[in-house]
Amino acid sequence: MKRLVRDVLILIAFCSAFYMLTLFVGREDKFSRERSNFSRERILADDSVSNRDWESAIAHYDKLLEEDPFNELAMVRRARADLQLTEARVKNLRQRRASAGEDQERLEQIDSEIAKFVAESIASQERLLLSSRFRDSAIRNVVILHCIGENIPEAIEALEAYANETSTGPANRPLSIDSRLKVLQREPAFIKLYVKEREASAFYRQ
């Protein structure tokens, strides 16, 4: 009888331990999807992205990349945050430009600041361009950045590279629907990309 009770208790203990393990693994998977890993810098960076605090996100991703220089997921998230920060800065500068009137010196200064921010953000994509996994994301960001800066020839060149290299599978949201590419909509390179995405992307079959 005592042996039976002992065996039952052992079985209950085993089942309880297994149940706790499954809960922990489930929580870990959920945490991993939302936070990517347990790194303090990754958690802080992801929280900053959620709060649209792009500068803080970039700073935390930079620290994470100092610790782990080959972390491609951190690279791609850092690149996206940098693009968002540049877009916000350029939007603010264009609003200031619209209210600058005929002050040519001021207009030139604002145009110079826009060009500087866009160029710096494009340069920040270079590390991601070396990634085989996320190269198309980097080119996509470069296309958008050139459009934000209204650098049309450079945007067309980047768009052609994107059309030649990228996959248009279901995981990729079509670039041709991005409103930031409005300045390119009459360009042959844009039309070519649109046709390719229209034929291949699951987005258009939903």
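Residues numbered from 1 in each chain as written. Predicted model: local features only at pLDDT ≥ 70, side-chain atom pairs only at ≥ 80, totals over all residues. Heavy atoms only, no water.

Focus: the overall build of the protein chain
The condition is simple: In this description a helix means any DSSP run of H or I spanning at least four residues, a strand means any run of E spanning at least two, and both kinds are numbered starting from the N terminus. To sort residues, take the accessible area from a 1.4 Å probe on protein chains only and compare it with the maximum for the residue type: under 20% means buried, over 50% means exposed, and anything in between is partly exposed. Contacts are residue-level and defined by heavy atoms, with any inter-residue pair within 4.5 Å sufficient.
On a plain count of helices and strands, the protein chain comes out with nine helices and zero strands. Secondary structure elements of the protein chain, listed N to C terminal, follow the sequence α-α-α-α-α-α-α-α-α. Expressed as a percentage of its 206 residues, the buried residues of the protein chain come to 36%. Residue pairs at least 24 apart in sequence account for 54% of intrachain contacts in the protein chain once pairs closer than 6 positions are excluded.

What about the pattern of salt bridges?
Formally: Between Lys or Arg on one side and Asp or Glu on the other, a salt bridge is scored when a side-chain nitrogen of the former is within 4 Å of a carboxyl oxygen of the latter.
The final tally for this structure, using the stated rule, is nine salt bridges. Its salt-bridge partner being E41, residue R40 comes within 3.2 Å of it at the nearest N-O pair. Here E41 falls in the buried class, since its relative accessible area comes to 8%. Salt bridges linked by common partners bring D62, R78 and D82 together as one network.

What about the nonpolar core?
As a reminder of what qualifies: In plain words, nonpolar cores are sets of buried Ala, Val, Leu, Ile, Met, Phe, Trp, Tyr and Cys residues tied together by side-chain atoms within 4.5 Å.
Of all hydrophobic cores here, the largest spans 27 residues; its most connected members are V143, L159, L175, L181 and L184. The set of elements that each furnish at least two residues to this core consists of α4 (72-98), α5 (104-124), α7 (135-148), α8 (152-165) and α9 (188-200). Here the element with the most residues in this core is α7; it accounts for seven residues. If we ignore the near neighbours within four places in the chain, the residues touching L181 are V143, I144, C147, L159, L175 and F190. A74, A81, L85 and F134 belong to the second-largest nonpolar core, a separate cluster that totals 16 residues.

Overview of α4
Our working definition: Under the convention used throughout, the expected extent of a helix is 1.5 Å for every residue step, that is, one less than its residue count. Here a polar contact means two N or O atoms within 3.5 Å. Within protein one must be a hydrogen donor candidate and the other an acceptor candidate, and residues neighboring in sequence count only if both atoms are side-chain atoms.
Taking 1.5 Å as the rise per residue, α4 with 27 residues should run 39 Å; its terminal C-alpha atoms sit 39 Å apart, in good agreement. If you check which residues of α4 are buried, you get A74, M75, V76, R78, A79, A81, D82, L83, L85, T86, V90 and L93. The elements touched by buried residues of α4 are α2 (40-50), α3 (54-67), α5, α6 (126-129) and α7. Near the N-terminus of α4, the side chain that reaches the backbone nitrogen of L73, with its oxygen 3.3 Å away, is that of N71.

Considerations on α3
A rise of 1.5 Å per residue sets the reference length of α3, with its 14 residues, at 20 Å; its end C-alpha atoms lie 20 Å apart and thus fit the reference within 8%. Listed in full, the buried residues belonging to α3 are W54, S56, A57, I58, H60, Y61, L64 and L65.

Some words on a nonpolar patch on the surface
Stated precisely, the cut-off is as follows: Without a salt bridge and with relative accessible area above 30%, a residue can belong to a patch; like charges are then joined within 9 Å and nonpolar side chains (Val, Leu, Ile, Met, Phe, Trp, Tyr) within 5 Å. Throughout, the Shrake-Rupley method with a 1.4 Å probe supplies accessible areas, and for residues the shown protein chains are the sole cover considered.
Taken together, I191, Y194 and V195 make up a surface patch of nonpolar side chains, about 240 Å² in accessible area. For Y194, the location among the structural elements is in helix α9. Overall, Y194 belongs to the partly exposed group, its relative accessible area being 32%.

Some remarks on unusual backbone geometry
Where the residue is not glycine, phi is negative for most of them; where a peptide bond is considered, it is trans in most cases. Although it is not a glycine, R52 sits at a positive phi angle of roughly 60 degrees. Note on R52: relative accessible area 59%, which makes it exposed.

Some points on the packing of α5 against α7
A pair of packed helices is characterised by two quantities: the angle between their axes and the separation of those axes. Which entries qualify depends on this criterion: To obtain each axis, a line is fitted to C-alpha atoms, and for helices this fit is confined to the stretch in contact; angles are then taken between N-to-C directions over 0 to 180 degrees. Here roughly perpendicular refers to angles of 65 to 115 degrees, roughly parallel to angles under 35, roughly antiparallel to angles over 145, and oblique to all remaining angles. Side-chain classes are defined by residue name, with Ala, Val, Leu, Ile, Met, Phe, Trp, Tyr, Cys and Pro counting as nonpolar, Asp, Glu, Lys and Arg as charged, and the others, Gly among them, as polar.
Orientation of α5 relative to α7, taken along the N-to-C sense of each, is 175 degrees, at an axis distance of 10 Å. If you check the angle between α5 and α7, you find them roughly antiparallel. Listed contacts from α7 to V118, S121 and I122 of α5 are V142, L145 and H146. Residue composition of the contact of α5 with α7, by class: four nonpolar, two polar and no charged.

Brief notes about the environment of I148
With respect to the helices and strands, the residue I148 is situated in helix α7. Judged by relative accessible area, I148 falls into the buried class, the value being 10%. Between the C-alpha atoms of I148 and R180, which are 32 residues apart in sequence, the distance is 6.8 Å. Those residues within four positions of I148 in sequence are excluded, and the remaining contacts are E87, V90, R94 and R180.

Limitation: the analysis is restricted to geometry and does not speak to function.
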